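For reference, the chains in residue letters:
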Amino acid sequence: MRICVVGAGYVGLTTATALADFGHDVQCVDMEYAKIDSLTQGKVPIYEPGLQKLMNKNCKEGRLHFSSQVEESIKDYPIILIAVGTPSKEDGSSNLTFINQVVKIIVSTINEYKTIIIKSTVPPGTNERIHKTFVEMGIANDLFDIVANPEFLREGTALWDIYYPNKIVFGTKTNRPFKILKKLYKRQKTPFIFTSLTGAELIKYACNAFLATKISFANEMNRICDAYEVDYSDVAKGLATDPRIGRDYLNVGLGFGGSCLPKDLRSLKHSALKQKIGTKLLDAVMQVNDTQIEFYLNKLGTVLPDLVDKQITVWGVTYKPGTDDLRSSPAIALIEQLIQMGCRVHTYDPMVQLVLSDVSSYVNQYESVIGSDALIIATEWEQFKKCNWSEVKSRMKGSVVLDARNCIDGKNVSEHGLHYLGVGKR
Ligand code: UGA
């Protein structure tokens, strides 16, 4: 099958590469010349494990191509898969400028049947509106089908998620595109969920909102465990063994970040309020998340009451391990807060050299702690779990290690003469 993927970000690039690997002929286009330039030279501009190798293989075998000629490509291909960004606007609603631009191009160039697949996360009603735009612009009904096909890819494990999805969701207005869709994803042995356009949009938001709810629930439980000197990991075990609950998304920490969960919650709230539906639960989920940094800083304050002029090292700046993405990273929010409180901040991250004023970024994790009063583990990268604590101890000025992801063996840290500080961890 011949597919034009519009958008070469995390989702577009991973999807385009996987579809090419499934044997399809894929053209991935983006309006950003620099991105396409890098891709045509064989360089993936983002970090996603396994992507570089798979992309090179499929380019070499002639199934995957890149272009910045968006209009020509859209005109040429019978299947258009849209994976452009839908960032948050100031009021929490989603900015649909990019998707509208693509729709405009399709409408103005369409002259033969096209299946238009929307992968971008869009508020309920968007796909219906896109369909209406085609009708209003006089595009004949037999020339197009709109399909809402949300993605459920996690950065860092996106290829795994695309090869072994737990579901594939298709929102359509008729069953006409089913044959094409089944052929497109014929490699995946997973249930297909067919629903309406708006149904598919809401499945996407519901999944992210539920995951966010689980995380905020875990963080609130962890605060309670901490107050009662109970080990949260025991409570998590109790939750995990109940098949109705499960262990996933109960890891505690500085809160959820990234380009999806926070944005989608705000957008869902915005869509609900437009229909005069209250969002008490979503509000509470966001409120717990928004107060996590403060909670951890208070915890730090119990051992370092005055943070003015203190030197703090933060390990991990991405919003989670396994990515180089800094969007809505709780670690960055923490760093900004520390600077505001008068601290000098050093950072180390395995993937990212942070460029932020008033922050000294290091390429070596042990050098980053030299002379520091405290070390905060903000993101649970594997290498932090295997850290040499005597190296850390010998370089630090102070001794506090705040494990803001409960990911370190506290006993091991303490045995090296450091003051281990976890939350809900005994
Ligand atoms: C999320 C969803 O998991 C994907 O299914 C979805 O497709 C994607 O958003 C999207 O909408 O595009 P992602 O943002 O890549 O994926 O990251 P997650 O692995 O879900 O983590 C989100 C945040 O939650 C991270 O900051 C992570 O540290 C935090 N988290 C996750 C926790 O604090 N605790 C956990 O137990 C799990």
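For the structure itself, look to the data block above.
Thresholds applied
- Residues numbered from 1 in each chain as written.
- Predicted model: local features only at pLDDT ≥ 70, side-chain atom pairs only at ≥ 80, totals over all residues.
- Heavy atoms only, no water.
- Patch = residues over 30% accessible without salt bridge, like charges linked within 9 Å, V, L, I, M, F, W, Y side chains within 5 Å.
- Areas by Shrake-Rupley, 256 points an atom, 1.4 Å probe, with all protein chains shown as cover.
- Salt bridge = Lys/Arg side-chain N within 4 Å of Asp/Glu carboxyl O.
- Lys, Arg positive; Asp, Glu negative; His and termini not counted.
- Charge placed at Lys NZ, Arg CZ, Asp CG, Glu CD.
- Helix = DSSP H or I, 4+ residues; strand = E, 2+ residues; numbered from the N terminus.
- Near = heavy atom within 4 Å.
- Polar contact = N/O pair within 3.5 Å; in protein donor to acceptor, adjacent residues only side chain to side chain.
- Nonpolar A, V, L, I, M, F, W, Y, C, P; charged D, E, K, R; others polar.
- Buried < 20%, exposed > 50% of the residue type's maximum accessible area, 1.4 Å probe, protein only.
- Arc of directions from axis to C-beta.
- 1 Å grid on protein atoms, 1.4 Å probe; cavity = no way out; pocket = protein on both sides within 12 Å on 5 of 7 lines; lining within 4 Å.
- Points joined across faces, edges and corners; volume = space filled by probe spheres on them.
- Pairing = 2+ DSSP bridges.
- Axes fitted to C-alpha atoms, helices over the stretch in contact; angles between N-to-C directions.
- Phe/Tyr/Trp six-rings, centres within 6.5 Å; stacked < 30°, edge-to-face > 60°.
- Lys NZ or Arg CZ within 6 Å of the ring centre and 35° of its normal.
- Expected span 1.5 Å × (residues − 1).
- Contact = heavy atoms within 4.5 Å.
- Core = buried A, V, L, I, M, F, W, Y, C linked by side-chain atoms within 4.5 Å.

Undergrad: With reference to specific residues and values, describe a positive patch on the surface.
TA: A surface patch of like charges, here positive, comprises Lys179, Lys183, Lys186, Arg187 and Lys189. Position of Lys183 relative to the elements: it lies in helix α8 (residues 178-184).

Undergrad: Explain the site of the ligand residue by residue, including any values.
TA: Taken together, the neighbourhood of the ligand is formed by 20 residues, with Glu151, Glu155, Lys204, Tyr249 and Asn251 sitting nearest. Tyr319 has a polar side-chain atom sitting 2.9 Å from an oxygen atom of the ligand. Relative to its free-state accessible area of 710 Å², the ligand is covered by the protein chains to the extent of 93%. Taken together, the elements giving at least two residues each to the shell around the ligand come down to α9 (197-227) and α11 (261-274). At four residues, the largest contribution of residues to the shell around the ligand is made by α9. Looking at the shell around the ligand residue by residue, the class counts come to 10 nonpolar, three polar and seven charged.

Undergrad: Describe helix α13 (residues 292-301), listing the residues and the values that go with them.
TA: Every buried residue of α13 is listed here: Gln292, Ile293, Tyr296, Leu297, Lys299 and Leu300. An end-on view of α13 places all buried positions within 155° of arc, on one side of the element.

Undergrad: How would you summarise the pattern of salt bridges if you had to cite specific residues and measurements?
TA: Summed over the entire model, instances satisfying the criterion amount to 24 salt bridges. With its nearest N and O atoms 3.5 Å apart, the salt bridge here joins Arg426 to Glu229. One end of the pair, Arg426, is in the segment after β14 (419-421); the other, Glu229, is in the loop between α9 and α10 (232-240), and 197 residues separate them in sequence. Assessed through its relative accessible area of 66%, Arg426 is described here as exposed. Owing to a relative accessible area of 53%, Glu229 belongs among the exposed residues under this scheme. We note a salt bridge from Arg327 to Asp325, for which the minimum N-O separation is 2.8 Å. The class for Arg327 is partly exposed, based on a relative accessible area of 41%.

Undergrad: Please give an account of empty space enclosed by the protein that cites residues and values.
TA: Per the counting criterion, the structure on display carries one cavity of 30 Å³ or more. Taken as a whole, the largest cavity spans an internal volume of roughly 50 Å³. Its residues assigned to classes, the lining of the largest cavity shows six nonpolar, four polar and two charged.

Undergrad: Just give me the short version of the sheet that holds strand β11 (residues 359-362), but keep the residues and values in it.
TA: One open sheet accounts for six strands, arranged β11-β10-β9-β12-β13-β14; its pairing is parallel. Edge strands, defined here as strands with exactly one partner in the open sheet, are β11 and β14. Neighbour-to-neighbour, the strand axes of this sheet turn through a mean angle of 20°, independent of strand direction. Pairing geometry for strand β12 (residues 374-377) and strand β13 (residues 400-403), over four bridges, is parallel. For Ile377, the partnering residue across the bridge sits in β13 and is Asp403.

Undergrad: Help me get a handle on the packing of aromatic side chains, residues and values and all.
TA: This structure, assessed with the given rule, holds 12 aromatic pairs. Summarising the aromatic geometry, the rings of Trp160 and Tyr164 are spaced 4.4 Å apart at their centres and angled 45° between planes, so their arrangement reads as tilted. Judged by relative accessible area, Trp160 falls into the exposed class, the value being 52%. One aromatic cluster is present, built from ring pairs that chain together Phe170, Phe178, Tyr185, Phe192 and Phe194. One residue, Arg2, lies across the ring of Tyr77, its end atom 4.2 Å from the ring centre. Sitting over the ring of Phe152, Lys167 keeps its end group 4.2 Å from the ring centre.

Undergrad: I'd like to hear about helix α5 (residues 97-109), residue by residue, with values.
TA: What sets the pattern is the α-helix's 3.6 residues per turn: residues three or four places apart point alike. Along its 13 residues, α5 runs 19 Å from first to last C-alpha, staying within 8% of the 18 Å computed at 1.5 Å per residue. Every buried residue of α5 is accounted for by Ile99, Val102, Val103, Ile105, Ile106, Val107 and Thr109. For α5, the secondary structure elements touched by its buried residues are β1 (2-6), α4 (70-76), β4 (79-82), β5 (114-118) and α6 (126-136).

Undergrad: Go over a nonpolar patch on the surface with me, naming the residues and quoting the values.
TA: On the surface, Ile224, Tyr228 and Val230 cluster together to form a nonpolar patch covering roughly 320 Å² of accessible area. With respect to the secondary-structure elements, Tyr228 resides in the loop between α9 and α10. Taking relative accessible area as the criterion, Tyr228 reaches 66% and is therefore assigned exposed.

Undergrad: How would you sum up the environment of Thr121? Please name residues and give values.
TA: Looking at where Thr121 falls in the secondary structure, it is placed in the loop between β5 and α6. Along the chain, Thr121 and Ile146 lie 25 residues apart, while their C-alpha atoms are 14 Å from each other. Once you skip the residues sitting within four places of it in the chain, Thr121 turns out to touch Thr86, Glu151, Lys204, Tyr205, Lys263 and Asp264. Side chain to side chain, Thr121 and Lys204 meet in a polar contact 3.4 Å long.

Undergrad: Give a description of the side chain of His24 that names residues and reports values.
TA: Relative to the helices and strands, His24 resides in the loop between α1 (10-21) and β2 (25-29). For His24, a relative accessible area of 3% gives the class buried. Among the polar contacts listed, one links the side chain of His24 to the backbone nitrogen of Met1, at a separation of 3.5 Å.

Undergrad: Please set out the nonpolar core residue by residue, giving values where relevant.
TA: Formed by 35 residues in total, the largest nonpolar core has its most connected members in Ile3, Leu13, Leu19, Val26, Phe66 and Leu81. In terms of residue count, α1 provides more of this core than any other element does, six residues in total. In this view, Phe66 contacts Leu13, Gln27, Cys28, Ile36, Leu39, Thr40, Met55 and Cys59; residues no more than four positions away in its chain are not counted. Among the nonpolar cores identified, the runner-up in size contains 29 residues, and Cys4, Val29, Val70 and Phe144 belong to it.

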